[in-house]
Amino acid sequence: MNYKRIYIDTASPDAPKASILIIYTGGTLGMVYNPKGALEPFNFQQILEKVPYLKNLGLHLTVISFEELIDSSNVNPEHWEAIGSIITSNYQQYDGFVVVHGTDTMAYSASALSYMLQGLNKPVIFTGAQLPIGSARSDARENLITSLEIASAKIEDSAVVPEVCIFFNNHLFRGNRSKKVESIHFDAFMSENYPPLAESGVEIDFKFSFIKPSDSSASLRFLAKMDTRVAILKLFPGISASIVKQILNIPDLKGVVLETFGSGNAPTSKWFLDSLKEAIEKDIIVLNVSQCNGGKVMQGRYKTSSLLANIGVLSGGDITTEAAITKMMFLLANEKNIALTKEKLVIPLSGEMS
């Protein structure tokens, strides 16, 4: 991929408090209205005109912009690899990273990067907006400013938040615990199964007990491979045998995230259980996650989920669908042993599950 690089010094003539790399992939935040009233990509060289408060942050900012900006609906693992490669190649030069990204698939991207950036010990803050930065009531300015403050926050030279996060509407969430839940209001993201890592008001209130501790001995390893031979099977009342069987018989399928009801419950029909059992016997991994935003899968709590456990369906606990499908892609690509892949799917790799 080709990139454009822009340098912005908000500290001059003083020395900057920190150096932050902004990775602009596209999305609503970076849009402005042209004279004809149509939206077009924002030129980050004019960022100080649009967000004058940045001058008060005292930061050295670099913006790396995708030459071809992407609507987040078109995001795929190639873009995750591109973001991760930029972070990895610039890791030593910067104190933190802010990824400007469309909201629709931000939780998938943040989850994927949390696995791919092994040994991360610096902030990677995803943010975006519901309204363009050129709009009078835009949430873009606040989201960007606070993301930069969080990415540059340190205590005794250690990053306050050394992990992949999403900042949106005054809340900082762990990236792989987040889910987009709102398409109109500003509170677009929630993290039902894990508390916010910070809340911003007059000051930024960091919740240190929930943040991954800094590890000065950590060494960044970027594992770029992702295996997309996976599927999500969302259950609904009346789902037919033909639908289930067609999904489970996709050629070369390696894994399925099974979205079940409540705490992991599913139909007890013989055809349904037999279909899953046949898939598992063909070494297709099936991971059970709940359709609910909050709560978790508890296989065995009810008879319906006990039957799933008996045929080898794995329990995803309190993981989100976004974190589950990207974790499955990651492990299938980086673990050649199916037994080890199954073992790692049900334990936390990057704080994505309890």
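Reference entry: report on the structure contained in this document. (Residues numbered from 1 in each chain as written. Predicted model: local features only at pLDDT ≥ 70, side-chain atom pairs only at ≥ 80, totals over all residues. Heavy atoms only, no water.)

What follows concerns the sheet that holds strand S20 (residues 285-290). Strands sit in the order S18-S19-S20-S21 across an open sheet of 4 strands; the sheet is parallel. At either end of the open sheet lies a strand with only one pairing partner, and these are strand S18 (230-234) and strand S21 (314-315). In this structure, strand S19 (residues 255-260) lies alongside S20, joined through 6 bridges in parallel fashion. Of the residues in S20, the one forming a bridge with Leu 258 is Asn 288. (Pairing = 2+ DSSP bridges. Helix = DSSP H or I, 4+ residues; strand = E, 2+ residues; numbered from the N terminus.)

Let us look at empty space enclosed by the protein. If you walk through the whole model with that rule in mind, you get 1 cavity of 30 Å³ or more. Taken as a whole, the largest cavity encloses approximately 80 Å³ of empty space. Together, Arg 177, Ser 178, Lys 179, Val 181, Met 190, Ser 191, Glu 192, Asn 193, Asn 293, Asp 318 and Thr 320 line the largest cavity. Residues of the lining of the largest cavity, tallied by class, amount to 2 nonpolar, 5 polar and 4 charged. (1 Å grid on protein atoms, 1.4 Å probe; cavity = no way out; pocket = protein on both sides within 12 Å on 5 of 7 lines; lining within 4 Å. Points joined across faces, edges and corners; volume = space filled by probe spheres on them. Nonpolar A, V, L, I, M, F, W, Y, C, P; charged D, E, K, R; others polar.)

Interhelical geometry of helix H5 (residues 241-248) versus helix H6 (residues 270-281) gives an angle of 5 degrees and a closest axis separation of 10 Å. Comparing their axes, H6 and H5 come out roughly parallel. On the side of H5, the interface is formed by Ala 241, Val 244, Lys 245 and Leu 248, while H6 contributes Trp 271, Phe 272, Ser 275, Leu 276 and Ala 279. Residues of the contact of H5 with H6, tallied by class, amount to 7 nonpolar, 1 polar and 1 charged. (Axes fitted to C-alpha atoms, helices over the stretch in contact; angles between N-to-C directions. Parallel < 35°, antiparallel > 145°, perpendicular 65-115°, else oblique. Contact = heavy atoms within 4.5 Å.)

A separate point is the nonpolar core. In terms of nonpolar packing, the biggest core is built from 51 residues, with Val 124 and Phe 126 touching the most fellow members. Considering each element in turn, this core owes the most residues, 8 residues, to helix H8 (residues 321-334). The residues touching Val 124, leaving out its near neighbours within four places in the chain, are Ile 87, Phe 97, Val 99, Leu 117, Glu 163, Val 164 and Cys 165. In terms of nonpolar packing, the next biggest core, distinct from the first, is built from 40 residues, Val 32, Ile 47, Leu 61 and Ile 125 among them. (Core = buried A, V, L, I, M, F, W, Y, C linked by side-chain atoms within 4.5 Å. Buried < 20%, exposed > 50% of the residue type's maximum accessible area, 1.4 Å probe, protein only.)

Further remarks concern the packing of H8 against helix H9 (residues 338-345). Remark: H8 packs on H9, axes separated minimally by 10 Å, with the N-to-C direction vectors making an angle of 150 degrees. Taken together, the axes of H8 and H9 lie roughly antiparallel to each other. Like other packed secondary-structure pairs, H8 and H9 cross with a definite hand, here right-handed. Residues Lys 327, Met 328, Leu 331 and Leu 332 of H8 form the contact with H9, whose own contacting residues are Thr 341, Lys 344 and Leu 345. Of the residues assigned to the contact of H8 with H9, the class counts are 4 nonpolar, 1 polar and 2 charged. (Left-handed = near helix turned anticlockwise from the far one by under 90°.)

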